[in-house]
Amino acid sequence: ARAREALLGFLAVLDDHGAWVFTDSTGRLSPSEPLSEASKLVAVTRALIERRFHGWGLVVAPENPDVFRDAECRRARTRTLGSQQLYCEWHYKLDRNTNRVHIHEPTPASGGKVIVAVYADHLPLPGD
């Protein structure tokens, strides 16, 4: 119950803007930010994605590369959609040390929508 409001707020942002956060290459931090004639296409970097989520007050970040290198940790974050294996490295932190929602950026298999893959207290980390 204590995580309900934060979780619903996060899911609302994903529903309204999640695909935009991961795919918009204009460099804007918000979809309401106007496009200017000086706007140029930019790479959608991890830092840009994090800054966009931060604009809605959300702490969303990718896992440390060490997590991917650890087979057990990688397995815990991998899901299958159709024939595609998805490593769901992005996670929203509902609390500082617990309650994570792991997501994956939009893919053709998901119809261009963000995938909500795992909601857990905390998935294993290297050395656990």
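This text follows the structure it describes.
Residues numbered from 1 in each chain as written. Predicted model: local features only at pLDDT ≥ 70, side-chain atom pairs only at ≥ 80, totals over all residues. Heavy atoms only, no water.

**Concerning the layout of surface pockets**
- Reported here for the largest pocket is a volume of approximately 160 Å³.
- In terms of lining residues, the largest pocket is bounded by L11, L14, D15, D16, H17, G18, A19, G112, K113, V114 and V116.
- With seven residues, helix α1 (residues 4-23) is the largest single contributor of residues to the lining of the largest pocket.
- Tallied by class, residues from the lining of the largest pocket come to five nonpolar, three polar and three charged. (1 Å grid on protein atoms, 1.4 Å probe; cavity = no way out; pocket = protein on both sides within 12 Å on 5 of 7 lines; lining within 4 Å. Points joined across faces, edges and corners; volume = space filled by probe spheres on them. Helix = DSSP H or I, 4+ residues; strand = E, 2+ residues; numbered from the N terminus. Nonpolar A, V, L, I, M, F, W, Y, C, P; charged D, E, K, R; others polar.)

**Considerations on the packing of aromatic side chains**
- In the structure shown here, the tally under the stated rule is five aromatic pairs.
- Consider the rings of F68 and Y87, whose centres lie 5.0 Å apart with planes at 70°: the pair is edge-to-face. You can see F68 sitting in helix α3 (residues 65-69) and its partner Y87 sitting in strand β3 (residues 84-87), a full 19 residues away along the chain.
- The class of Y87 is buried, set by a relative accessible area of 16%.
- Within the aromatic cluster, the residues linked to one another by ring pairs are F10, F22, F53, W90 and Y92.
- The aromatic ring of W20 is capped on one face by R52, whose charged end is 4.2 Å from the ring centroid.
- The ring of F68 has R74 sitting right over it, with the charged end atom 5.1 Å from the ring centre. (Phe/Tyr/Trp six-rings, centres within 6.5 Å; stacked < 30°, edge-to-face > 60°. Buried < 20%, exposed > 50% of the residue type's maximum accessible area, 1.4 Å probe, protein only. Lys NZ or Arg CZ within 6 Å of the ring centre and 35° of its normal.)

**Quick look at α1**
- Compared with an ideal rise of 1.5 Å per residue, which puts 20 residues at 28 Å, α1 spans 28 Å between its outermost C-alpha atoms and is within 8% of the ideal.
- Of all the bends found along α1, the most pronounced is centred on H17 and spans about 70°.
- Within α1, burial applies to L7, F10, V13, L14, G18, W20, V21 and F22.
- Of the surrounding secondary structure, the elements contacted by the buried residues of α1 are α2 (46-55), β1 (60-62), β4 (90-93), β5 (100-104) and β6 (115-120). (Expected span 1.5 Å × (residues − 1). Bend = angle between axes of the 7 residues up to and from the residue. Contact = heavy atoms within 4.5 Å.)

**Points about the side chain of T107**
- Checked against the element boundaries, T107 lands in the loop between β5 and β6.
- Under the relative-accessibility criterion, T107 is labelled buried at 6%.
- Beyond its immediate stretch of four places on either side in the chain, T107 contacts L81, Q84, L86, G112, K113 and I115.

**Quick look at the pairing of β5**
- When you tally the buried positions in β5, you get five out of five residues, the bulk of the element.
- The two faces of β5 match: R100, H102 and H104 on one face and V101 and I103 on the other face are all buried.
- Relative to β5, β4 runs antiparallel, the two sharing four bridges. Looking across to β5, one finds that H91 is bridged to H102.
- Counting the residues in the hairpin turn of β4 and β5 gives six residues, including N99, whose phi is positive at 60°. (Pairing = 2+ DSSP bridges.)

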